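Tertiary structure, described
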Amino acid sequence: ETGVTQSPTHLIKTRGQQVTLRCSSQSGHNTVSWYQQALGQGPQFIFQYYREEENGRGNFPPRFSGLQFPNYSSELNVNALELDDSALYLCASSFPGLAGVSSEQYFGPGTRLTVT
Amino acid sequence: GESVGLHLPTLSVQEGDNSIINCAYSNSASDYFIWYKQESGKGPQFIIDIRSNMDKRQGQRVTVLLNKTVKHLSLQIAATQPGDSAVYFCAEKPSFQKLVFGTGTRLLVSP
């Protein structure tokens, strides 16, 4: 186990609704990244938060937004849900290494979101 | 655009065999590569990583090879066990923030 926790485990929402997913990072990690994983696909980068600021974003519309809190936990919010938003949402925590040096990301178990 | 692809969607091996999973990446600027294992219902689990200044790295029963000339990555699993059955993803890091994943290879290990 990585120490990254996510809640809830499963969620069913109706098209047009809003959803908030939560992530607690591994102890000592101050960076949280969110990914969307459609069935049978690899995870797609949504955005990353570092020191409570968005630190990079993938090709996702503005209705995907996030927050990071002083304890480094994070939320992913999705507004105006669409059927295609049904997926496994993963968060990953990491600790930036030396400047310019990438470090591994540890993933949580994910939240399975179903939009009907 | 950026992409990481895998050559074989499914690999079936016998227990005890060595497994090789291949991956092609597209971004020459990527400086960091990771292999993840994902079991059903779980998040990706880190297996091994390699930086672009290396061409080989060994872990416990796993070896990653990086060929930057042809932008190719491989994961070798020695003495494959039934517990190794999962989907394996390679991922590249073209920027400091994000990982780019491929679609995955399913490894099936028969006893």
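The present account deals with the structure reproduced in this document. The written sequence of each chain sets the order in which its residues are numbered from 1. Naming scheme: in the order in which they are written, chains are lettered from A and ligands are numbered from 1. Residue-level local features of this predicted model are given only where pLDDT is at least 70; pairs of side-chain atoms are given and counted only at 80 or more, and the full residue set underlies all totals for whole chains, interfaces and linings. Note that water and hydrogens are dropped before the side-chain values are worked out from all heavy atoms of the structure.

Attention shifts here to the interface of chain B and chain A. Here, two residues are considered to be in contact whenever any of their heavy atoms come within 4.5 Å of each other. The interface of chain B with chain A comprises 21 residues on the first partner and 23 residues on the second. Here the quantity called buried area is the total loss of accessible area, with a 1.4 Å probe, experienced by two parts when brought into contact, counted for both. Regarding the contact of chain B and chain A, the summed buried area is about 1,800 Å², with carbon and sulfur atoms giving 53% of it. Salt bridges are defined as contacts in which a side-chain nitrogen from Lys or Arg sits within 4 Å of a carboxyl oxygen from Asp or Glu. At the boundary of chain B with chain A, the tally comes to 0 salt bridges. Pairs of N or O atoms within 3.5 Å make up the polar contacts considered here, provided that, within protein, one atom can donate a hydrogen while the other can accept it, and that residues adjacent in sequence are counted only when both atoms are side-chain atoms. Here chain B and chain A share 3 residue pairs in polar contact (both at pLDDT 80 or more) between them. Strands are runs of DSSP state E lasting at least 2 residues, helices are runs of H or I lasting at least 4, and numbering of each runs from the N terminus. Counting only elements with at least two residues in the side of chain B that touches chain A, the list comes to β4 (32-38) and β5 (45-51) of chain B. For the side of chain B that touches chain A, the element with the highest residue contribution is β4 of chain B, accounting for 4 residues. Under the grouping applied here, Gly and all other residues not named as nonpolar or charged are polar, the nonpolar ones being Ala, Val, Leu, Ile, Met, Phe, Trp, Tyr, Cys and Pro and the charged ones Asp, Glu, Lys and Arg. Of the residues belonging to the side of chain B that touches chain A, the class tally is 9 nonpolar, 6 polar and 6 charged.

A few words now on unusual backbone geometry. Residues and elements named next belong to chain A. The step from serine 7 to proline 8 runs through a cis peptide bond, and the omega angle for that step is -5°. Summarising the element assignment, proline 8 is placed in the loop between β1 (5-7) and β2 (10-13). With phi around 75°, tyrosine 72 is a residue other than glycine that occupies positive phi space. Along the chain, the position of tyrosine 72 falls in the loop between β7 (64-68) and β8 (74-78). In the Ramachandran plot, alanine 80 falls in the positive-phi region, its phi being about 45° despite a non-glycine side chain. Secondary-structure assignment places alanine 80 in the loop between β8 and β9 (87-94). The buried label goes to any residue with under 20% of its type's maximum accessible area, the exposed label to any with over 50%, and the partly exposed label to all in between, with areas taken from a 1.4 Å probe on protein chains only. Judged by its relative accessible area of 43%, alanine 80 is partly exposed.

Residues and elements named next belong to chain B. Position of alanine 91 among the secondary structure elements: in strand β9 (residues 86-92). Alanine 91 sits 10 residues away from phenylalanine 101 along the chain, and the two C-alpha atoms are 4.4 Å apart. Those residues within four positions of alanine 91 in sequence are excluded, and the remaining contacts are Tyr32, Phe33, Ile34, Leu99, Val100 and Phe101.

Attention now goes to the pairing of strand β8 (residues 72-77) of chain B. Looking along a regular strand, one sees the side chains alternate between the two faces of the sheet. All names here are of chain B. As paired elements, strand β3 (residues 19-25) and β8 share 6 bridges and run antiparallel to each other. Each residue of the ladder has a partner; that of isoleucine 20, found in β8, is glutamine 76. As judged from the 6 bridges shared by strand β7 (residues 62-67) and β8, these two strands associate in the antiparallel manner. Bridge pairing links threonine 63 to glutamine 76 in β8. Strand pairing is defined by DSSP finding a minimum of two bridges between the two strands. Where β7 folds back onto β8 in an antiparallel hairpin, the turn is made up of 4 residues, including lysine 71, whose phi is positive at roughly 50°.

Right, let's talk about the environment of valine 78 of chain A for a bit. Summarising the element assignment, valine 78 of chain A is placed in strand β8. Spatially, the C-alpha atoms of valine 78 of chain A and glutamine 17 of chain A are 8.5 Å apart, while their sequence positions differ by 61 residues.

Two measures describe an aromatic ring pair: the distance that separates the ring centres and the angle between the ring planes. All names here are of chain B. To pair, rings of Phe, Tyr and Trp, with the six-membered ring standing in for Trp, must have centres within 6.5 Å; the planes then decide the type, stacked if under 30 degrees apart, edge-to-face if over 60, and tilted in the middle. Tallied over the full model, the rule gives 11 aromatic pairs over all chains. Plain terms: the ring middles of tyrosine 36 and phenylalanine 46 are 6.4 Å apart, the flat faces sit at 80° to each other, and that makes the pair edge-to-face. Of this pair, tyrosine 36 sits in strand β4 while phenylalanine 46 sits in strand β5, placing them 10 residues apart in sequence. Under the relative-accessibility criterion, phenylalanine 46 is labelled partly exposed at 23%. Ring geometry for phenylalanine 89 versus phenylalanine 101: centroids 6.1 Å apart, planes at 85°, classification edge-to-face. Taken together, the residues span a long stretch of sequence, with phenylalanine 89 in strand β9 and phenylalanine 101 in strand β10 (residues 100-101) at a distance of 12 residues.

Nothing here speaks to function; it is geometry throughout.
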